[in-house]
Amino acid sequence: MGSNRALVQISSIGAGVFLSICLAGTVATAAAKDQDTVASVVADQVRSQGFPCRNPSSAKRIAAESVPNQTAYLLRCEGTTYRVLLIPDQAAEVARVD
């Protein structure tokens, strides 16, 4: 009887570990998709203001330059990088970074 209880506990622990691994993979995939979405949205804004941005690869938030209602990003496109400050209901401030 005692060995059955130990087996059930080990099985439960194993199932918990497996579930955690699966959940972590799902969260990582969702985060990657969110990053692609952010890069696409920021690139669309930059393009709408006349700046070229082919194949945006990432848009990383710049916490030190962001304030409430103004979010700064470092946008990497094929061949160029931009610092972009998104401001609601206004044109973004876009500067090419060399």
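Nothing here was measured: the structure is a model prediction, and the numbers come from that model.

Conventions and cut-offs
Residues numbered from 1 in each chain as written. Predicted model: local features only at pLDDT ≥ 70, side-chain atom pairs only at ≥ 80, totals over all residues. Heavy atoms only, no water. Pairing = 2+ DSSP bridges. Helix = DSSP H or I, 4+ residues; strand = E, 2+ residues; numbered from the N terminus. Axes fitted to C-alpha atoms, helices over the stretch in contact; angles between N-to-C directions. Core = buried A, V, L, I, M, F, W, Y, C linked by side-chain atoms within 4.5 Å. Buried < 20%, exposed > 50% of the residue type's maximum accessible area, 1.4 Å probe, protein only. Contact = heavy atoms within 4.5 Å. pLDDT = per-residue confidence, 0-100. Polar contact = N/O pair within 3.5 Å; in protein donor to acceptor, adjacent residues only side chain to side chain.

(A) Seen up close, the sheet that holds strand β2 (residues 71–77). Reading across from one edge, β1-β2-β3-β4 is the order of the four strands in this open sheet, with antiparallel pairing throughout. Every interior strand has two partners, whereas the edge strands, β1 (58–61) and β4 (93–97), have only one. Going from strand to strand, the sheet's axes swing by 25 degrees on average, the running direction of each strand aside.

(B) View of the nonpolar core. V42, V46, L75, Y82 and V84 are the most contacted members of the largest nonpolar core, which has 13 residues in total. Residue contributions to this core peak at four residues, all from helix α1 (residues 2–48). When neighbours within four sequence positions are excluded, V46 is seen to be in contact with F51, L75, Y82, V84 and V94.

(C) Main features of the confidence of the model for the chain. Here the chain averages 77 in pLDDT, and 64% of its residues register 70 or above. In the model of the chain, α1 stands out as the element of lowest mean pLDDT, 58, in contrast to β4, which has the highest, 97.

(D) Representation of the side chain of T81 within the structure. Tracing the sequence through the fold places T81 in strand β3 (residues 80–86). Relative accessible area serves as the criterion here: at 14%, T81 is assigned to the buried category. Apart from residues no more than four positions distant in its own chain, T81 is found in contact with L74, L75, R76, A95, R96 and V97.

(E) Representation of the environment of E65 within the structure. You can see E65 is positioned in the loop between β1 and β2. The spacing of E65 and L85 is 20 residues in sequence and 8.5 Å in space, taken between C-alpha atoms. Dropping the residues within four chain positions of it, E65 is found in contact with A72, R83 and L85. A polar contact is formed between the side chain of E65 and the side chain of R83, at a distance of 2.5 Å.

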